[in-house]
Amino acid sequence: MTYAITQTCCNDATCVAVCPVNCIHPTPEEPDFGTTEMLYIDPKSCIDCGACADACPVDAIFPTDRLTGPLRAYEDLNARYYAERTPPPALASPNFHSWGEPSFHRSLPADFAPLRIAVVGTGPAGMYAAEDLLLHTNAEVTLIDRLPVAGGLLRYGVAPDHPATKGAGDAFARFHSHPRVRMRLGLRVGEDVTAEELAAHHDAVIYAVGAPADRRLGIPGEDLPGSVSATSVVSWYNAHPETAGDAVRLSAERVVVVGNGNVALDVARVLVMDPAALAATDIADHALAALRGTPVREVVLLGRRGPEDAAYTASELLALTHLPGVDLVVDDRDPRTGAAIDAAAPGTKAALLRDVAREAVDWARPPAPDRRRIVLRFHSAPVEALGTDGVRAVRVTEDGAEAGTEIGAGLLVRAIGYRGVPLPGLPFDAATGTVPHEGGRVTGLPGGYVVGWIKRGPSGGIGANRACAEETVGTLLADAVAGALPTPAGTGRDFHRLARSRSRGLVDARGLAAIDRAERARGRDAGRPRVKLATVPELVAAARGGRWRRNG
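Draft legend 1. Seen up close, the sheet that holds strand 12 (residues 298–302). Read from one edge of the open sheet, seven strands run 10-19-11-12-15-13-14, paired in parallel fashion. In this open sheet, the two edge strands, each paired with only one partner strand, are strand 10 (227–229) and strand 14 (357–359). Pairs of neighbouring strands in the sheet enclose a mean axial angle of 25°, with direction left out of account. Judged from the three bridges that link them, strand 10 and strand 19 (residues 411–414) form a sheet pairing that is parallel. Considered in strand 19, the bridge of Val 228 is made with Val 413.

Written out as structure tokens, the structure is:
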């Protein structure tokens, strides 16, 4: 029996580090590590030890004889990766692993005074950086977030029906109460405190603020009511406190989603799947109520290019083909679509559509009343959102012509990517939506560093942030040893007093734990894993009601 990596793989390579026979690839040292959709286990080398499954932070690894339903395809996917690849030979040693030379690049000289470092952002990027510092140095870390609760992308960006992916947050949560960590949640850098004030109280500051804005379509009618960003939809169904419960109106039978990346698939899936299944997740109460009463029967995904160039991952597409009660259809009115699927090499994303129903969809007809479905329409782009008081249809290209086709829809969702925004006090490259840097060191800002999407742009999943954080922390420590970090004027206690004076809703580690208990208690009452508190006042009240005390 061997093991296989499945859909929820986060690519953070924790499994690679513990494998005794070097059977998981690509490794962080291999060229395609940064571009692969997931990691793969070589069935010919696996010795069935289970170390990888024990270490996986998102429960993505299983024995192949336990794979059932949609997961059964991953036995073949893992094996297929090695069909045209030959893993490097292992050395003949008791542990069979081709170990490299020992490296201690995260250590500081023994007599080096503890660094005081602020990490702005508590999503995966920020927490990987904090983890690196706490495990490999004696640094003191201040975790800062503009919201009164930690989690970032894991809490507010992962679809509610992906609980295993959210499980990565449990690995990070163990650092929230670390003796060398101070949490200052509900503190807005650039508003409550400036970047200069933050730097004045810390040896270094790591900004992990992500890419919170969305890209626009640039078409007429884009600002009509009923035209929203995927950012808004994802925040809406994840109970983000800055997104109102009525931000998304589901009033028509058809929705058009522009884009075919994983976020577009998430939005489509959540809008048409059985609300009873969502009721077992941590989806926002207001979203669950809206989906229980929604008339939506069909979601159309528009892809500008063909199925061979789709941006979604194979694992997310596979999940879509097995969604209970939902049909998946390929609109093959454009002959290039079917031709690309038929000619696709085995194992490619286009080939996965070979058994999916194809139909020349008649967009003049309303969706069928007795079924829900997702339609993949390739080689098609939006030209205009039509309507007066709100979106009633979307005009899209047909055979490359802008005259195109009208698709009746009451909601238009743009899911064409995220974008970073400027942070006061930091340089910003408007062309890339990132902060200019060298190896994570902010250009022209001594003691300032970046990690995650604000550093490299909105690419890569959760696990990609581990290598990104390693680079940034390595640069920071090299600067520290070289004496290149500015000396802070204020102390950690001074900063705590400053934060308290600027934020009336400051939450610490005890308050965060109280929020967690409150949400889980609400979940138990409703038969759900948790029921999220959806507003800032609710979160702060829960933090204080749970014997909230300030820790210094």
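Resuming the write-up.
Draft legend 2. Spatial organisation of the packing of aromatic side chains. For the coordinates displayed, the defined rule picks out four aromatic pairs. Judged by centre distance (4.4 Å) and plane angle (10°), the ring pair of Tyr 40 and Tyr 81 falls under stacked. Of this pair, Tyr 40 sits in strand 3 (residues 40–41) while Tyr 81 is found in helix 3 (residues 73–81), placing the two residues 41 residues apart along the sequence. In this structure Tyr 81 comes out as buried when scored by relative accessible area, which is 10%. Geometrically, the ring pair formed by Tyr 81 and Tyr 82 is edge-to-face, given 5.1 Å between the ring centres and 80° between the ring planes.

Draft legend 3. Seen up close, the pattern of salt bridges. Evaluated as defined, the whole model comprises 38 salt bridges. A salt bridge links Asp 266 to Arg 269; its shortest N-O distance comes to 2.9 Å. Of this pair, Asp 266 and Arg 269 both sit in helix 10 (residues 262–272), three residues apart, roughly one helical turn. When the shortest N-O distance is used, the salt bridge between Glu 438 and Arg 441 registers 3.9 Å.

Draft legend 4. Fine view of the packing of helix 9 (residues 230–237) against helix 10. One way to put it is that helix 9 packs onto helix 10 with a least axis distance of 10 Å and a crossing angle of 50°. Here helix 9 is positioned oblique relative to helix 10, judged by the angle of their axes. Two packed elements cross with a definite hand, and for helix 9 against helix 10 that hand is left-handed. In contact with Ala 230, Val 233, Val 234 and Tyr 237 of helix 9, helix 10 contributes Val 263, Asp 266, Val 267 and Val 270.

Draft legend 5. Local environment of helix 14 (residues 335–343). Taken residue by residue, helix 14 has Thr 337, Gly 338, Ala 340 and Ile 341 as its buried positions. The buried residues of helix 14 occupy one face: seen down the axis, they fall within an arc of 160°. Every exposed residue of helix 14 that faces more than 90 degrees away from the buried side is listed here: Pro 335, Asp 342 and Ala 343. In this fold, the buried residues of helix 14 make contact with strand 13 (326–331) and strand 14.

Draft legend 6. Spotlight on the environment of Thr 475. Here Thr 475 lies in helix 16 (residues 464–481). A relative accessible area of 13% places Thr 475 in the buried class. Along the sequence, Thr 475 and Leu 512 sit 37 residues apart, while their C-alpha atoms lie 31 Å from each other. If we skip the residues at most four places from it in the chain, Thr 475 touches Glu 438, Gly 439, Arg 441 and Tyr 449.

Draft legend 7. Up close: the pairing of strand 6 (residues 140–145). Of all six residues in strand 6, five are buried; the element is thus mostly enclosed. Where strand 5 (residues 116–120) meets strand 6, five bridges bridge the pair, whose relative direction is parallel. For Val 120, the partnering residue across the bridge sits in strand 6 and is Ile 144.

Definitions and limits used
- Residues numbered from 1 in each chain as written.
- Predicted model: local features only at pLDDT ≥ 70, side-chain atom pairs only at ≥ 80, totals over all residues.
- Heavy atoms only, no water.
- Pairing = 2+ DSSP bridges.
- Helix = DSSP H or I, 4+ residues; strand = E, 2+ residues; numbered from the N terminus.
- Axes fitted to C-alpha atoms, helices over the stretch in contact; angles between N-to-C directions.
- Phe/Tyr/Trp six-rings, centres within 6.5 Å; stacked < 30°, edge-to-face > 60°.
- Buried < 20%, exposed > 50% of the residue type's maximum accessible area, 1.4 Å probe, protein only.
- Salt bridge = Lys/Arg side-chain N within 4 Å of Asp/Glu carboxyl O.
- Parallel < 35°, antiparallel > 145°, perpendicular 65-115°, else oblique.
- Left-handed = near helix turned anticlockwise from the far one by under 90°.
- Contact = heavy atoms within 4.5 Å.
- Arc of directions from axis to C-beta.

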